[in-house]
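Spelled out, the chains give:
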Amino acid sequence: MMKTSLERKRERAGLYFVLPSMTIFTVFVFIPLIIAFIFSFFKFDMMFQNFQFQKLGNYAKLAGDKKFWNALFNTVYYTAFTVPVQIGLALVTAVAVKRKGWLSGFFKSVYFIPAICSMTIVSILWSFLVNPDIGMFCYWAKLLGFNPINVLSSPTWAMPTVILVSVWKNFGFNMVILLAGLNGIDESYYEAANIDGATGFQKFRGITIPMLMPTLSFTVVNCIIGSFQVFDQVYIMTKGGPLFKTQTLVQLIYSMAFDSFNMGYASPIAVALFIITFIISVFTFKHMTKGEEDLG
């Protein structure tokens with residue numbers, strides 16, 4: 001079937017709209033990914049000299065590298081706690097502030113303000129707040145009779161503190177996305193449920209969650225990808241310590257590339273990070289989409 005002139009114009013218009021985003025993606029994501037994959041088979045220094053073909057040597061070294069497995073565990077640990085807490089808090093907050101009124105608008109702004117702040121500034125701010133000598137939180141703890149500790153130097157509390165900062169910083173962004181999804185749900189569903197005598201929890205489980213699933217799926221996957229790429233707050237607040245308890249995969253890549261000047265070995269870590277993130281994201285999206293179809 002021949003396409004009409006109008007259909008061809010619409011296709012060209014669509015391509016023109018997509019072209020800028022695809023160009024940026026190609027230049028800053030796709031091409032660097034291919035280069036990193038190629039570099040992962042070589043050994044070379046920071047000045048891109050002394051190239052030595054390693055075959056699968058870098059990947060064999062990676063498989064037995066305790067630092068890599070430690071960084072992977074820390075990254076998964078961070079993601080496993082950050083994503084559920086962040087999404088859960090964002091969902092509850094979005095439902096709470098959906099109601100009309102000036103207080104609703106006020107709280108929307110308050111919750112979203114941290115999301116527009118630089119993670120670097122937020123990390124520095126929280127480093128001061130939890131400092132045992134000059135931190136406000138520790139000062140309040142002393143007034144209440146507690147003996148505050150330096151949580152950023154504690155192998156037990158360093159990662160939970162980083163997780164707390166990340167959740168506080170980012171949940172407002174996810175709240176706005178979920179709030180947009182909530183506003184897109186037709187009120188007639190809730191009116192019909194009210195007529196049937198459904199409780200608030202029943203409406204939330206039977207209407208809100210199924211209708212919100214496309215937005216929720218996007219939010220969860222986006223949060224997982226961001227969590228696996230965590231770097232700023234870890235580097236600023238703990239630098240991977242204490243005892244490498246907060247060193248993540250991205251920080252390990254940075255350390256190998258710019259501290260140890262081993263660009264060749266940093267590349268397979270980056271490739272491994274991409275593969276792990278891709279697999280988990282696709283699995284999560286398909287699982288949540290399947291759940292959406294089952295609910296529908």
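Residues numbered from 1 in each chain as written. Predicted model: local features only at pLDDT ≥ 70, side-chain atom pairs only at ≥ 80, totals over all residues. Heavy atoms only, no water.

A.B. asks: So what's going on with the packing of aromatic side chains? Which residues, and what values?
C.D. replies: Scanning the entire structure with this criterion turns up 21 aromatic pairs. For the pair Phe137 and Trp140, a centre-to-centre distance of 6.0 Å together with 45 degrees between the ring planes defines the contact as tilted. Here Phe137 pairs with Trp140, and both are found in helix H6 (residues 136-143), just 3 residues apart, close to one helical turn. You can call Phe137 partly exposed: its relative accessible area is 32%. Three or more aromatic residues joined by ring pairs make a cluster, and in this case those are Phe39, Phe42, Phe44, Phe51 and Phe53. Positioned above the aromatic ring of Tyr265 is the side chain of Lys61, whose terminal nitrogen or guanidinium carbon lies 4.4 Å from the ring centre. One Lys or Arg, Lys239, reaches over the ring of Tyr235 and ends 5.1 Å from the middle of that ring. (Phe/Tyr/Trp six-rings, centres within 6.5 Å; stacked < 30°, edge-to-face > 60°. Helix = DSSP H or I, 4+ residues; strand = E, 2+ residues; numbered from the N terminus. Buried < 20%, exposed > 50% of the residue type's maximum accessible area, 1.4 Å probe, protein only. Lys NZ or Arg CZ within 6 Å of the ring centre and 35° of its normal.)

A.B. asks: So, unusual backbone geometry: which residues are in play, and what are the values?
C.D. replies: Of note, the amide linkage connecting Gly241 to Pro242 takes the cis form, showing an omega dihedral of -10 degrees. Examined against the element boundaries, Pro242 turns out to sit in the loop between helix H10 (232-237) and helix H11 (249-259). At Lys55, a residue that is not glycine, the phi angle is positive and equals roughly 55 degrees. Looking at the element boundaries, Lys55 is found in the loop between strand E2 (52-53) and helix H2 (57-63). A positive phi angle is found at Phe244, which is not glycine, with a value near 60 degrees. When you line up the elements, Phe244 lands in the loop between H10 and H11.

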